[in-house]
Number of protein chains: 2
Amino acid sequence: MTRVLVVDDEPQIRRALSTNLRARGYEVDLAASGEEALPLVADRHPDVVVLDLGLPGMDGLEVVQALRAWSRVPIVVLSVREDERDKVAALDAGADDYVTKPFGMSELLARLRAAMRRSAPADDEPVVDTDDFAVDLAAKHVVRHLPDGDEVVHLTPTEWQLLELLARRRGRLVTQAELLQEVWGPGNERKSDHLRVHMAAIRRKVEPDPSQPRWLLTEPGMGYRFV
Amino acid sequence: MTRVLVVDDEPQIRRALSTNLRARGYEVDLAASGEEALPLVADRHPDVVVLDLGLPGMDGLEVVQALRAWSRVPIVVLSVREDERDKVAALDAGADDYVTKPFGMSELLARLRAAMRRSAPADDEPVVDTDDFAVDLAAKHVVRHLPDGDEVVHLTPTEWQLLELLARRRGRLVTQAELLQEVWGPGNERKSDHLRVHMAAIRRKVEPDPSQPRWLLTEPGMGYRFV
DNA sequence: GGCTCCCGTCAAGAAGTCGTGAAGAGCATC
DNA sequence: GATGCTCTTCACGACTTCTTGACGGGAGCC
């Protein structure tokens, strides 16, 4: 769930933004001042902050500076001020975008998406771990768990493609036709000889007892399954 | 040196932007169309792209899409179009900001700074150290640890780009296609000859025994890995 | 038992990839 | 125009990977 913190002193703007954002599936926190907003960022860890520049008490610009002292959360500034100096000051203080009121809701939403997309953590890092070995899909390598510590296993391109496919769909049966088509391209769905040879090679490298596979199971007549 | 690529079909806008940016110490490349711009991004690796939406031939939106297919360079879109749908389309295609003409130069510059600041690595470790050499990603140089003290190693631009990519993703396998695309631009994913030659050059300069690489490993058929 | 089908194993040759040296082109500088 | 640096391109041997065919075991069926 994506969380948005809206900071604005005008209740009707808060209400309008909150309604629109919730309707699009965002979770919304509201603050009426900078003093309210700062602890909310710390507690709720929003994915993006929408910040009105004209706040009573602590000014919007000060809020940006206070946030940037310790947080990298994307900040989209709203303001009625057209003056370029305000825009430059807010952006240079660390704001990510500056939208002038009145603004269209669809534009604001697009700018929020853009701000969040940029800050999105590069990649999730899926590692499929078993008692005997671990498949690191990001690093594209396999480590084998041995009594005397881990050991990196070298896989050939074909072996890796097969293991990756099975690991990504672990628990599910992957048919021979699917594997052949993914690895050897369309038109090779009949060459199950290849599959047997390469699956055997993978098992030799990662299974504790290759002749009695524990993780890479054969489903006769159908395909293979990684459990 | 910060490099900016300006893409606009109107010569006077190109001139105005170029003058202003150069006066502020940026290095500026110019393109009058999307077709000109794409290879320039591949060759020159700008830190940010300023892109006019109303281009003859290839439309600005198509340029955004084409760039985002392989590059994460920040894109600031310029446009006379006020229509919200244009803004939403450009931002959702992967643009980082959308500035409507006419615009103030100081605002544009602030938005460029904001776009570049966000894309800055902000990375954890700017120096990757091994027993035999250290790669300083911030200073962009390599020092080799020798028995009689350290020695600065001179790398050519291509060599540095390759080593930097591998160092930033150390431990992970980087495929040939990724390396070729990052360094030589899209469309060069098949020219693995280059890769072999330049990797050999890097190894000659940083590996203790280039014929038996200890840090820059080859994964046959897949790519390279910095461990 | 005999037969068929599917699978795992093995080995040898084919096919592809990598590292290396060297030659030449392109380009900036002097 | 000469020089030095860099990148590209090519050819070769060494090496890795893939393909292919043969063989044998086990399950199911007649």
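Please read these numbers as outputs of a predicted model, since none were measured by experiment.

**Q** Lay out the protein's contact with DNA strand C in plain terms, naming residues and giving numbers.
**A** If you check the shell around DNA strand C, you find 18 residues, and the closest are Arg203(A), Thr218(A), Gln176(B), Arg203(B) and Thr218(B). Within 4 Å of the protein, the atoms of DNA strand C are drawn from sugar and phosphate moieties in a proportion of 62%. Within the backbone of Gly221(B), an N or O atom sits 3.3 Å from a phosphate oxygen of DNA strand C. Of all the secondary structure elements, the ones that give two or more residues to the surface near DNA strand C are helix H8 (192–206) of chain A together with helix H8 (192–206) of chain B. The element that contributes the greatest number of residues to the surface near DNA strand C is H8(A), accounting for four residues. Its residues assigned to classes, the surface near DNA strand C comprises six nonpolar, eight polar and four charged.

**Q** Requested: an account of the protein's contact with DNA strand D, with residues and values cited.
**A** In the vicinity of DNA strand D lie 18 residues, with Thr156(A), Thr158(A), His154(B), Thr156(B) and Thr158(B) positioned nearest. Of what DNA strand D places within 4 Å of the protein, 84% of the atoms are sugar or phosphate. Residue His194(A) places a side-chain N or O atom 3.2 Å away from a phosphate oxygen belonging to DNA strand D. Take His198(B): an N or O atom from its side chain is 3.4 Å from a phosphate oxygen of DNA strand D.

**Q** For the packing of helix H7 (residues 176–184) of chain B against H8(B), give the residues involved together with the corresponding values.
**A** When two helices pack together, their arrangement is given by the angle between the helix axes and by the axis-to-axis distance. Residue and element names in this part refer to chain B. Taken N-terminus to C-terminus, the directions of H7 and H8 make an angle of 85 degrees; their axes are 10 Å apart at the nearest point. The orientation of H7 with respect to H8, classified from their angle, is roughly perpendicular. Along the contact surface, H7 presents Gln 176, Leu 179, Leu 180 and Trp 184, while H8 presents Ser 192, His 194, Leu 195 and His 198. Looking at the contact of H7 with H8, its residues break down into four nonpolar, four polar and no charged.

**Q** Can you tell me about the nonpolar core, naming the residues and giving the values?
**A** All names here are of chain A. In this structure, Val 135, Val 142, Leu 166, Leu 179, Leu 216 and Phe 226 are the most contacted members of the largest nonpolar core, which totals 27 residues. When contributions to this core are tallied by element, the ones reaching two or more residues are strand S7 (133–136), helix H6 (157–168), helix H7 (176–184), H8 and strand S12 (223–226). Counting residues per element, this core draws most heavily on H6, at six residues. Among residues more than four places away in sequence, those in contact with Leu 179 are Leu 162, Leu 165, Leu 166, Val 174, Trp 184, Leu 195 and Tyr 224.

Procedures and definitions
- Residues numbered from 1 in each chain as written.
- Chains lettered and ligands numbered in written order.
- Predicted model: local features only at pLDDT ≥ 70, side-chain atom pairs only at ≥ 80, totals over all residues.
- Heavy atoms only, no water.
- Near = heavy atom within 4 Å.
- Polar contact = N/O pair within 3.5 Å; in protein donor to acceptor, adjacent residues only side chain to side chain.
- Helix = DSSP H or I, 4+ residues; strand = E, 2+ residues; numbered from the N terminus.
- Nonpolar A, V, L, I, M, F, W, Y, C, P; charged D, E, K, R; others polar.
- Axes fitted to C-alpha atoms, helices over the stretch in contact; angles between N-to-C directions.
- Parallel < 35°, antiparallel > 145°, perpendicular 65-115°, else oblique.
- Contact = heavy atoms within 4.5 Å.
- Core = buried A, V, L, I, M, F, W, Y, C linked by side-chain atoms within 4.5 Å.
- Buried < 20%, exposed > 50% of the residue type's maximum accessible area, 1.4 Å probe, protein only.

That's the geometry; what it means functionally is another story.
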